[in-house]
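# Notes for the structure review
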Amino acid sequence: MRSHWLKRLRVLAAFVVLAGLFAAFLDFRELVPAPLAHGLAAIQFVPSMVALITGASFALAGVLVLLMTFLAGRIYCSAVCPLGILQDAIARLSCWISQKRHWLPYDRGYPRLRLTFLGICVVGILAGWAGLALSFFDPYSIFGRIAHEVFRPVLILANNSLVRIANACGVDWIYWVDPQWAGAGVVVLALLMLALISVLAVSRGRLYCNTVCPVGTLLGWISSHGLFRLGLDKTACRKCGDCLHVCKSQCIDLRSGTVDFSRCVDCFNCIGICKEHAIAFRFAGKKPVSRQPKAPSAPDPQRRKFVTFAALFAGAIGTGMGFENKPPAERLARVISPPGSLNLERFLNRCTACHLCISACPTHVLTPALFEYGLAGLNRPRMDYSRSFCNFECVRCAEVCPDGAITLLALADKKLARIGCAQLDEDKCVVKAKGTDCAACSEHCPTKAVDTIPYGNNLRLPKVNNDLCIGCGACEHACPVKPAKAITVAGLRIHERAEKRVETKAEKPKTSGDFPF
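Residues numbered from 1 in each chain as written. Predicted model: local features only at pLDDT ≥ 70, side-chain atom pairs only at ≥ 80, totals over all residues. Heavy atoms only, no water.

### A closer look at the pairing of strand β9 (residues 450-455)
Of the strand pairs in this sheet, β9 and strand β10 (residues 459-464) are connected by six bridges, and their pairing is antiparallel. From the neighbouring strand, Asp 451 faces β10, where its bridge partner is Lys 463. In sequence, β9 turns back onto β10 through a hairpin of three residues, with Gly 456 there showing a positive phi of about 60°. (Pairing = 2+ DSSP bridges. Helix = DSSP H or I, 4+ residues; strand = E, 2+ residues; numbered from the N terminus.)

### Some points on the state of the cysteines
Going through the model one piece at a time under the given rule, you end up with zero disulfides. There is no disulfide at Cys 251, and the cysteine sulfur nearest it, in Cys 247, is 3.7 Å away. By relative accessible area, which is 2% here, Cys 251 ends up buried. The structure places no disulfide on Cys 479, whose sulfur is separated from the nearest cysteine sulfur, that of Cys 438, by 6.6 Å. Residue Cys 479 is classed as buried on the basis of its relative accessible area, which comes to 8%. (Disulfide = S-S within 2.5 Å. Buried < 20%, exposed > 50% of the residue type's maximum accessible area, 1.4 Å probe, protein only.)

### Quick notes on the sheet that holds strand β5 (residues 332-333)
Pairing is antiparallel across the open sheet formed by three strands, whose spatial order is β5-β11-β8. The strands lining the two open edges of the sheet, one partner per strand, are β5 and β8 (417-424).

### Focus: the packing of aromatic side chains
Under the counting rule described, the total for this entry stands at 10 aromatic pairs. An angle of 85° between the planes, with centres 6.0 Å apart, marks the rings of Phe 25 and Phe 143 as edge-to-face. Taken together, the residues span a long stretch of sequence, with Phe 25 in helix α1 (residues 5-26) and Phe 143 in helix α9 (residues 139-168) at a distance of 118 residues. The same class applies to Phe 25 as to Phe 143, namely buried. (Phe/Tyr/Trp six-rings, centres within 6.5 Å; stacked < 30°, edge-to-face > 60°.)

### Regarding the pattern of salt bridges
This model, assessed by the stated rule, comprises 15 salt bridges. Residue Arg 206 is joined to Asp 88 by a salt bridge in which the shortest nitrogen-to-oxygen separation is 3.0 Å. You can see Arg 206 sitting in the loop between α10 (184-204) and α11 (207-211) and its partner Asp 88 sitting in helix α6 (residues 82-98), a full 118 residues away along the chain. As far as burial versus exposure is concerned, Arg 206 and Asp 88 are alike and both buried. We note a salt bridge from Arg 331 to Glu 496, for which the minimum N-O separation is 2.9 Å. Taken together, the positions of Arg 331 in the loop between α15 (301-322) and β5 and Glu 496 in strand β11 (residues 487-497) put the pair 165 residues apart, joining distant regions of the chain. On the basis of relative accessibility, which here comes to 44%, the residue Arg 331 falls in the partly exposed class. (Salt bridge = Lys/Arg side-chain N within 4 Å of Asp/Glu carboxyl O.)

Here's what the structure looks like:
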């Protein structure tokens, strides 16, 4: 099959984006710089629009995607969206395995179903479940969860299986890495999503993008009114059907000689395969000459509904994510959100659960929640101090967050950001329960919020100063008591600012004479 230069450019861009994002999500060796991971995530449509609308950052990538779509169609879906590119890769892999190319004839699509999924997303945002709705439908976030929950553990297991062989051959840069498993429920959800898009990609090409994905529906409507589109020259077309064999969106209708540009993802496969050059990418105002008289176009009953939904979609994001929900009166929360999330309601409203922060966390204290936050917090990152603790010198989760759900704080401010408060159960502490000296929590506390006081016979019992505590979890992680820790951290719904420990210099001993000792 001949390859058009537009297709080669599209394939190159898609390869760079997919490889870069896979590297960011699968990076268990911490080799990918945070700016690169953030940059590839920030050009995605939904995270960029969330960051722009909520004022988290002056992100214009989403606006540029809309402009690019109006000018040249759904290039974003074909060359930038990682979930769409992954579907193309799965379909291509299927063809290689089966040694035959799947033929996808023209299909009218499912316009009512497209509007239904878009409407569900809009209603979810308007109902105050913006983060949950977008996490279910944002293609970038879906890709992120698949990459982190499915592909990353497989890569780590493959690495570990090679360690013994590599070490025997004198290769020391391959070493054992502890597998980082998420909860079974989270993994199952990611596996089900991967299975769904794989089945649809193999059997129906880009059906998911043109039916389920609200981003594809919104961009499809914009592209159908765009300046440049694919068009068929009916006088040159011989209806050989070659273009149908390569069209992944089933949007070329040879009978009427038209292309449904709302479903076309600008893969440009058809341009390269057409021997008569009957299909071309041209200015929309330039109509190909046709020998058949043009029939009067009937009004589209779906267009008015779509325009209404699209307007609601744009307004809903601003309404559902642009203001802060009034937090409840409770001060403590069941779970702990990352430093920089500022308050629990804000975090759940903005985070789309892409899991890039979880992949980037060097201590792996961030883990995806199932129902720990409640249904509204499904798949959102949470601090799990049974696994690890928050590094006192680290702000990497905020550095990579593309939608502003985790605000990037200066390191000095992050060191004083209180996300929770430590609570000591003296009866469980080994000092009081077993009469054994410990002080593990005090030794690991970076702010010295946990100190010790004299207790019993030459023992020292931990004591918590909550004015200094930031809730990093170092004390809880270090506590040797099992199964329930003696010292635990309770999350704060609204993050606070801890006091800074003031070090006092010891007084010089008063001496007399030349020899103080």
